[in-house]
Amino acid sequence: MSSERPGPASSSVEPADLAARAARTHVVVVGGGVGGLVAARECAKVGMRVTLLEAADDLGGVIRRVDLDGVVLDAGAESYATKGGYVRALVDDLGLTDRVVTPQAGGAWLAGLPGGGAAPLPVGGILGIPGNPFQDDVRRIIGWSGAWRAYLDRVRPPLTIGHQLSLGRLVASRMGEKVRDRLVAPVTTGVYSASPDDIDIDVAAPGLNAALTRVGSLSGAVLALRGENAAAGAKTPGAAVEGLVGGMSALVDALAADLEELGATVRTAVAVRRLATDGTGWRVVVEEPAGDTDEEESSETEIAADAVIVATSEQVARELLAEAVPALAAAEPAPSPEIEIVTLLLDAPALRTPPRGTGVLTVPHSHTAKALTHSTAKWAWVREAAGDREVVRVSFGAQGEPAVTASMDDEAAIDLARREASTLLGVPLTADQVLAGHRGRFVQAQPASIIGSGERRTAAREAVQAVPGLAAVGAWLAGTGLAQVVPDATGEADRLRRALLWD
Ligand SMILES: Cc1cc2nc3c(=O)[nH]c(=O)nc-3n(C[C@H](O)[C@H](O)[C@H](O)COP(=O)(O)OP(=O)(O)OC[C@H]3O[C@@H](n4cnc5c(N)ncnc54)[C@H](O)[C@@H]3O)c2cc1C
């Protein structure tokens, strides 16, 4: 575990003064998801007094643990992108290197093809865009007519004026709607919970537009970019992920343990209701939990702070910051779809040899479920934990497509997930095969790759940064995903602590 104390390369402040100043500075972090935990740790590392307040009973936010009849695994986020190396560096720094694992090979399938069919997701593409439309696994999904339409891309001249930002529009115009709807849309819905039309190709697949201009066709650009990535030893965008044995909640536990070691105060079941500043300090109004007896009601108290880091979802952050950052109120919040994940522990020997690889994506609107992960096929450690039982995770809901389970009680949601799992995996699954089930509700912050997301996030960030002693972190500002949230929270906490200690 690192005990390094970061500081500026050249500072006129004496180290002893700096330490005293840090110890006098109280930072309150609102929200104990990964963004808040990382930001709190950065402040505690330099000796600041840190209090982290989390409204829920457990830390972790979207990283949640579920115990299904003794099988403990992730109910929410289950892996991280290796891109940039930021999450892995944190994992290593926290002493979790031995737990790092990669998913099992096996590939994913696509369900919801016309006629109700399913087929393996083609290999060799980028975000579902094929490099060769006549490849067998591609043609199986888009048919001969789709393949010939996609081939037109090879003979059409590339765009000469500017370039198309929308992934969906570019794919449809060059390779046809079948490629967009059957190959690309399942990937963007599964990965980003968003339609391909809303995805900014330059963010989701950097270099693809430039390769299109250079090579002259989109499918050619896919092949060229994959070749360049392979030559540079890099993975195709979005392809490389890692997980942790025991689940991503091991990261949350390690962050919490490190915070404790660094002397920070971490409180759960304490919701922040209001933030007020007089320009020099902050008053943080919190709702304390009720006592043990039924008669006792929750009460409000105030905590004084020199600085505040807001690390909640966008909606809560905007409410808390409405007074201190009026500029935030001017901008519309980004749409944040509600996602539900139902995790099932099954007695299903028929799934022992995985029928659909590590999971299934669906053609949008073909099924009520958006995607399925066969966890016991994807992660060797889950297989070991589950013994002779199977675990699947069925997800519902995407941008503009509310989760059908949202209005159901847990029992109905679990039963629907079972039926969807049966269809998606092509294996009969009866109600008595469900040994345990869990439904998790989540709000998905906007991915960084949505068109216009960059400008929106920059505007919000600048408005927050203009207020002294204030920072905001988390997926709504960084873009969804641990590989976005972790480096962003580190950077923002660093900006704040420099302003407080060294400016
Ligand atoms: C279903 C789902 C699956 C995902 N899977 C992956 C994955 O596999 N890999 C990946 O990289 N990314 C994944 N993501 C994205 C990633 O998990 C998130 O981007 C990231 O965890 C968000 O962290 P955060 O700290 O910004 O927010 P959150 O995790 O939402 O944390 C915010 C915290 O603030 C607390 N809070 C809210 N209001 C208050 C208040 N008033 N007072 C105090 N506390 C408050 C909340 O209880 C919560 O704990 C997934 C997202 C979803 C929704």
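Reading the values: rules and limits
- Numbering of residues starts from 1 in every chain and runs along the sequence as written.
- Side-chain atom pairs in this predicted model are given and counted only at pLDDT of 80 or more, local residue features only at pLDDT of at least 70, and totals for whole chains, interfaces and linings cover all residues.
- Excluded from the side-chain calculations are hydrogens and water; all other atoms, namely the structure's heavy atoms, are used.
- Nearness is judged by heavy atoms alone; a residue qualifies as near a molecule or strand once a single heavy atom is within 4 Å of it.
- Each polar contact in these results corresponds to two N or O atoms within 3.5 Å; when the atoms are within protein, one needs to be able to donate a hydrogen and the other to accept it, and residues that are neighboring in sequence are counted only if both atoms are side-chain atoms.
- In short, Shrake-Rupley with a 1.4 Å probe defines the accessible areas, and a residue's cover is counted only from the protein chains shown.
- To get an axis, a line is fitted to the C-alpha atoms, and for a helix only the part in contact is used. The angle between two axes follows their N-to-C directions and goes from 0 to 180 degrees.
- Comment: elements are numbered from the N terminus, with helices defined as DSSP H or I runs of at least four residues and strands as E runs of at least two.
- With respect to orientation, any angle under 35 degrees is reported as roughly parallel, any angle over 145 as roughly antiparallel, any angle of 65 to 115 as roughly perpendicular, and every other angle as oblique.
- Should the near helix be turned anticlockwise from the far one by less than a right angle, the crossing is termed left-handed; should it be turned clockwise, right-handed.
- The contact criterion used throughout is that any non-hydrogen atoms of two residues lie within 4.5 Å.
- A pair of strands is labelled paired if DSSP reports no fewer than 2 bridges between them.
- Put simply, buried Ala, Val, Leu, Ile, Met, Phe, Trp, Tyr and Cys residues joined by side-chain atoms within 4.5 Å make one nonpolar core.
- When accessible area is computed with a 1.4 Å probe and restricted to protein chains, residues below 20% of their type maximum are described as buried, those above 50% as exposed, and intermediate ones as partly exposed.
- Multiplying one less than the number of residues by 1.5 Å gives the expected span of a helix.

K.L.:
Can you help me understand the site of the ligand in this one?
P.N.:
Not every one of the 32 residues close to the ligand is listed here, only the nearest: Glu54, Val62, Ser79, Ala475 and Leu482. Between Val34 and the ligand, the recorded distance is 3.3 Å, taken from a backbone N or O atom to an oxygen atom. Here an oxygen atom of the ligand and a side-chain polar atom of Glu54 are 2.5 Å apart. Notes on the ligand: free accessible area 1,000 Å², of which the protein chains cover 85%.

K.L.:
Please clarify how the packing of helix 4 (residues 136–155) against helix 6 (residues 177–192) should be interpreted in this entry.
P.N.:
Taken N-terminus to C-terminus, the directions of helix 4 and helix 6 make an angle of 160 degrees; their axes are 9 Å apart at the nearest point. Accordingly, the angle class assigned to the pair helix 4 and helix 6 is roughly antiparallel. By crossing handedness, the relation of helix 4 to helix 6 is classed as left-handed. Side by side, helix 4 and helix 6 meet where Val138, Ile141, Ile142, Ser145, Gly146 and Ala150 of the first sit next to Lys178, Val179, Arg182 and Leu183 of the second.

K.L.:
Can you help me understand the sheet that holds strand 20 (residues 470–472) in this one?
P.N.:
One key point about sheets: their strands pair by backbone hydrogen bonds, in either a parallel or an antiparallel sense. Pairing in this open sheet of 5 strands is parallel, and the strands run 10-2-1-14-20 from one edge to the other. Every other strand in the sheet has two partners, leaving strand 10 (265–267) and strand 20 as the edge strands with one partner each. Ignoring which end each strand starts from, the neighbouring axes of this sheet average 15 degrees apart. By the bridge criterion, 4 bridges tie strand 1 (residues 26–30) to strand 14 (residues 307–310) in an arrangement that is parallel.

K.L.:
Which parts of the structure should I look at to understand the nonpolar core?
P.N.:
Core analysis: the biggest nonpolar cluster contains 48 residues, and Val34, Leu251 and Ile309 have the highest contact counts within it. At the level of secondary structure, the elements contributing two or more residues to this core comprise helix 1 (15–24), strand 1, helix 2 (34–45), strand 2 (49–53), helix 3 (86–93), helix 10 (249–261), strand 14 and helix 18 (482–501). Considering every element that reaches this core, the biggest residue donor is helix 18, with 8 residues. Each residue touching Leu251, except ones within four places of it in the same chain, is listed here: Val34, Leu90, Val91, Leu94, Leu96 and Leu244. Ranked by size, the runner-up nonpolar core spans 36 residues in total, among them Ile126, Val171, Leu218 and Leu361.

K.L.:
I keep staring at helix 2 and nothing clicks. Help me out?
P.N.:
At 3.6 residues per turn, the α-helix brings residues three or four places apart onto the same side. Compared with an ideal rise of 1.5 Å per residue, which puts 12 residues at 16 Å, helix 2 spans 16 Å between its outermost C-alpha atoms and is within 8% of the ideal. In terms of burial, helix 2 is a largely internal element, 12 of the 12 residues being buried. If you check which residues of helix 2 are buried, you get Val34, Gly35, Gly36, Leu37, Val38, Ala39, Ala40, Arg41, Glu42, Cys43, Ala44 and Lys45. Close packing links the buried residues of helix 2 with strand 1, strand 2, helix 3, helix 10, strand 14 and helix 18.

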